[in-house]
Amino acid sequence: MFSESDPQFESGEPYVIVDSIGSYFFAIFSKILLWDRRINNHAISEESKKILIRYMQENNLKSTKVRFNQYAPISEWKRLSQNQKIPGTLRYTVGTISLLAYTFLPDRVFAGIIGGDHYNPFTDTINVYSDVPVILIHEGGHAKDFAQRQYVTLYAAIYAIPVVGSLYHEARATDDAMNYFAEKNQEDQLKESYEILTPAYSTYVGGAIGDIILNPITTAAIIPGHIYGRYKKKSIPEQMARRKK
Amino acid sequence: MQYRWIWSFILFLGCYSPSLRIYRPYPDEVTFTKVDFFPKVIVLAPTEFPEALLDHDLRRKKILKNEYGNWESLVYKELSLHPKNYPKLLQGGKIQILEFELSSVDSCFSHKASVKLKAEYSIGNEALRYFEYEDQSKNYNSNCILGLSSLTLVPLLWFIPYLGFQGNSEDQLNQLGRNAISAFFLELEKNSGKSN
């Protein structure tokens, strides 16, 4: 499936000007929102890459492509055409829509304002731009979640359900990341999961509430997310002790 | 208003299209192309494993087949991938699965997924050993609650995240099944002379 010319894990060539504009300009809002300067910084360390690679191997995710800070539209369109898990009719309609933004408004530049770290089920590709292991594993969690579904397109369609569509998928991925680090006994990463993934999840809840009352309160909803995440972080020793029982 | 019913129905379908994917997750997984046959290792199971019972609302029962194969496939795959972990077993042995139950039962406002595994095995000329594993997960991930929440919409804001973090019936079945298999293979490794 993958070859030397098309490896499973690929990194984009670093371009200082492009990556700097992406990190210091377009990604500012997302960094403030999640209170972490590494969000969408377009400079993923080797250590972070290894964490995701190991997760992918442990979870038997042999067909999922991972792009570390890479913009590869031609390769993505090829992957779309080759992805047999999705029926052709849907690949070339819904799948096409999913790639148009990637192609013409690349996350490589605009991550934070338009797009960012994400998993595309139509091409079975993880695209990451943040040097934050918990976010990398969260995206890996999406790939793992989709890999376990019999009807991938239907499962992807659930994301589009108004108000609550995204909440289920994001909960699965966040839950998987937290459990992964807990199982590995990595308390520092588990703390970071609560600090970053919990407020990130609350943006989806905020979006859902915003959908209901037609007001953009996503930004305000992140505050309770930060509070709850830090509150849960304090109980990590208790949680780890309960696991060992 | 009508589109909400359609979307809820699609959501139901998403939950009602389960598949069983039980295998042993393993660190540093490597690519493999062929599962070997081990004539000296006999694997017996009472039924075509693993079958799982889904018993949800409206008394709709469904039997699922594991997409990763039956017990023999799972054991031979494990031996093919990690032969160094089973030096004694590869010389000869017998594994008999006495009982394997995997079920997901909805009682409208509660849900219980459970797994029970009983097996006997012998490695070489050693005495017969017995293995037993049981686990269950009780929660509120039921289709009744999902349906009622969909009707009133606002409770979905609580229930969908809850469903996501708990996992639906499919997720729970697969996770319990994998835990059972992992525990069994760990036991086999321990008694097969795996070097650390």
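Just so it is clear, the structure is predicted and the values come from calculations on it, not from any experiment. (Residues numbered from 1 in each chain as written. Chains lettered and ligands numbered in written order. Predicted model: local features only at pLDDT ≥ 70, side-chain atom pairs only at ≥ 80, totals over all residues. Heavy atoms only, no water.)

### Some thoughts on the overall build of chain A
Looking only at helices and strands, chain A has 13 helices and 4 strands in total. A globule of 245 residues ought to have a C-alpha radius of gyration of about 18 Å, and chain A, at 18 Å, matches this closely. Per-residue burial over chain A gives 55% buried out of 245 residues. Sequence-distant contacts, at least 24 apart, represent 69% of the contacts inside chain A between residues at least 6 apart. Of the roughly 11400 Å² of accessible surface on chain A, a fraction of 62% belongs to carbon and sulfur atoms. Looking at charge distribution, chain A has the averaged site of its 27 positive side-chain charges lying 4 Å from that of its 26 negative ones. (Helix = DSSP H or I, 4+ residues; strand = E, 2+ residues; numbered from the N terminus. Rg over C-alpha atoms; globule rule 2.2 N^0.38 Å. Buried < 20%, exposed > 50% of the residue type's maximum accessible area, 1.4 Å probe, protein only. Contact = heavy atoms within 4.5 Å. Areas by Shrake-Rupley, 256 points an atom, 1.4 Å probe, with all protein chains shown as cover. Lys, Arg positive; Asp, Glu negative; His and termini not counted. Charge placed at Lys NZ, Arg CZ, Asp CG, Glu CD.)

### Observations concerning the packing of helix H10 (residues 165-183) of chain A against helix H4 (residues 156-166) of chain B
Geometrically, a packed helix pair is captured by the angle between its two axes and the distance between the axes. Running from N to C, H10(A) and H4(B) point in directions that differ by 35°, and their axes come no closer than 7 Å. Judged by the twist between their axes, the crossing of H10(A) over H4(B) is right-handed. On H4(B), the residues touching A:Leu167, A:Tyr168, A:Ala171, A:Arg172, A:Thr174 and A:Asp175 of H10(A) are B:Leu157, B:Ile160, B:Pro161, B:Leu163, B:Gly164, B:Phe165 and B:Gln166. (Axes fitted to C-alpha atoms, helices over the stretch in contact; angles between N-to-C directions. Left-handed = near helix turned anticlockwise from the far one by under 90°.)

### Notes on the confidence of the model for chain A
Averaged over all residues, the pLDDT of chain A is 88; the fraction at 70 or higher stands at 96%. Element-level pLDDT for chain A is lowest in helix H12 (residues 218-234) of chain A, with a mean of 76, against a maximum mean of 97 in strand E2 (residues 65-68) of chain A. (pLDDT = per-residue confidence, 0-100.)

### Considerations on the packing of helix H3 (residues 143-152) of chain B against H4(B)
All names here are of chain B. With their axes 9 Å apart at the nearest point, H3 and H4 run at an angle of 145° to one another. Of the two elements, H3 crosses H4, and the hand of that crossing is left-handed. Between H3 and H4, the residues in contact are Ile-145, Leu-146, Ser-149 and Ser-150 and Leu-156, Phe-159 and Ile-160, respectively.

### Comments concerning the nonpolar core
With 63 residues, the main nonpolar core has A:Leu52, A:Ile137, A:Val164 and A:Leu190 as its most contacted residues. Of all the elements, H10(A) adds the most residues to this core, at 8 residues. When near neighbours in sequence (up to four residues on either side) are disregarded, A:Leu52 contacts A:Val66, A:Phe68, A:Leu136, A:Ile137 and A:Gly140. Among the nonpolar cores identified, the runner-up in size contains 31 residues, and B:Phe100, B:Ala113, B:Leu117 and B:Leu188 belong to it. (Core = buried A, V, L, I, M, F, W, Y, C linked by side-chain atoms within 4.5 Å.)

### Quick look at the layout of surface pockets
Residues and elements named next belong to chain A. Here the second largest pocket defines a volume of roughly 1200 Å³. Lining of the second largest pocket is provided by 41 residues; of these, Gly-115, Gly-116, Asp-117, His-118 and Tyr-204 occupy positions nearest its centre. Of all the secondary-structure elements, those providing two or more residues to the lining of the second largest pocket are helix H2 (28-34), helix H6 (94-104), strand E3 (118-120), helix H8 (133-147), H10, helix H11 (187-213) and H12. Here the lining of the second largest pocket is built from residues that sort into 20 nonpolar, 17 polar and 4 charged. (1 Å grid on protein atoms, 1.4 Å probe; cavity = no way out; pocket = protein on both sides within 12 Å on 5 of 7 lines; lining within 4 Å. Points joined across faces, edges and corners; volume = space filled by probe spheres on them. Nonpolar A, V, L, I, M, F, W, Y, C, P; charged D, E, K, R; others polar.)

### A word on the environment of B:Leu74
Residues and elements named next belong to chain B. Within the fold, Leu-74 resides in helix H2 (residues 71-81). Given the relative accessible area of 5%, Leu-74 is considered buried. Leu-74 sits 107 residues away from Ile-181 along the chain, and the two C-alpha atoms are 9.0 Å apart.

### Here's the deal with the packing of aromatic side chains
On inspection of all chains with the given rule, the structure shows 21 aromatic pairs over all chains. For the ring pair B:Phe37 and B:Tyr76, a centre distance of 5.6 Å and an interplane angle of 90° mean the geometry is edge-to-face. Of this pair, B:Phe37 sits in the loop between helix H1 (2-15) and strand E1 (41-44) while B:Tyr76 sits in helix H2, placing them 39 residues apart in sequence. Judged by relative accessible area, which is 60%, B:Phe37 ranks as exposed. For B:Tyr76, a relative accessible area of 7% translates into the label buried. On the numbers, 5.7 Å between centres and 50° between planes, the contact of B:Phe38 with B:Tyr76 is tilted. Pair noted here: B:Phe38 is in the loop between H1 and E1 and B:Tyr76 is in helix H2, with a separation of 38 residues, a long-range link. Comparing B:Phe38 with B:Tyr76 shows no difference in burial state: the two are buried. Here a set of aromatic residues connected by ring pairs shows up, and it is made of B:Trp71, B:Phe100, B:Tyr121, B:Phe131, B:Phe184 and B:Phe185. The ring centre of A:Tyr155 lies 4.5 Å from the NZ or CZ of A:Arg149, which sits over that ring. (Phe/Tyr/Trp six-rings, centres within 6.5 Å; stacked < 30°, edge-to-face > 60°. Lys NZ or Arg CZ within 6 Å of the ring centre and 35° of its normal.)

### Here's the deal with the environment of A:Tyr102
Residue and element names in this part refer to chain A. Within the fold, Tyr-102 resides in helix H6. It is 8.2 Å that separates the C-alpha atoms of Tyr-102 and Gly-115, two residues lying 13 residues apart in sequence. Not counting residues up to four positions away in its chain, the partners in contact with Tyr-102 are Arg-67, Gln-70, Tyr-71, Ala-72, Pro-73, Glu-76, Asp-107, His-118, Asn-127 and Tyr-129. Polar contacts involving the side chain of Tyr-102 include one to the main-chain amide nitrogen of Ala-72, which spans 2.9 Å. (Polar contact = N/O pair within 3.5 Å; in protein donor to acceptor, adjacent residues only side chain to side chain.)

### Quick notes on the confidence of the model for chain B
Residues and elements named next belong to chain B. Looking at chain B as a whole, its pLDDT mean stands at 78, while 73% of the residues score no less than 70. The secondary-structure element of chain B with the lowest mean pLDDT is H1, recorded at 44, while strand E6 (residues 129-139) shows the highest, at 94. Taken as a whole, residues 1-18 scores under 50 in pLDDT and shows 33 contacts with residues more than four places along the chain or in a different chain. Per the prediction output, this complex has pTM 0.79; the corresponding ipTM is 0.74.

### Remarks on a nonpolar patch on the surface
All names here are of chain A. On the surface, a nonpolar cluster with roughly 470 Å² of combined accessible area is contributed by Leu-100, Phe-104, Leu-105, Ile-113 and Ile-114. When you line up the elements, Leu-105 lands in the loop between H6 and helix H7 (107-110). Of the residues examined, Leu-105 reaches a relative accessible area of 37% and is grouped as partly exposed. (Patch = residues over 30% accessible without salt bridge, like charges linked within 9 Å, V, L, I, M, F, W, Y side chains within 5 Å. Salt bridge = Lys/Arg side-chain N within 4 Å of Asp/Glu carboxyl O.)

### Here we look at helix H1 (residues 16-26) of chain A
Residue and element names in this part refer to chain A. All of the buried residues in H1 are Asp-19, Gly-22, Ser-23 and Phe-26. Burial along H1 is one-sided: seen end-on, the buried residues are contained in an arc of 125°. Away from its buried face, by an angle of more than 90 degrees, H1 presents the exposed residues Val-16, Ile-17, Tyr-24 and Phe-25. (Arc of directions from axis to C-beta.)

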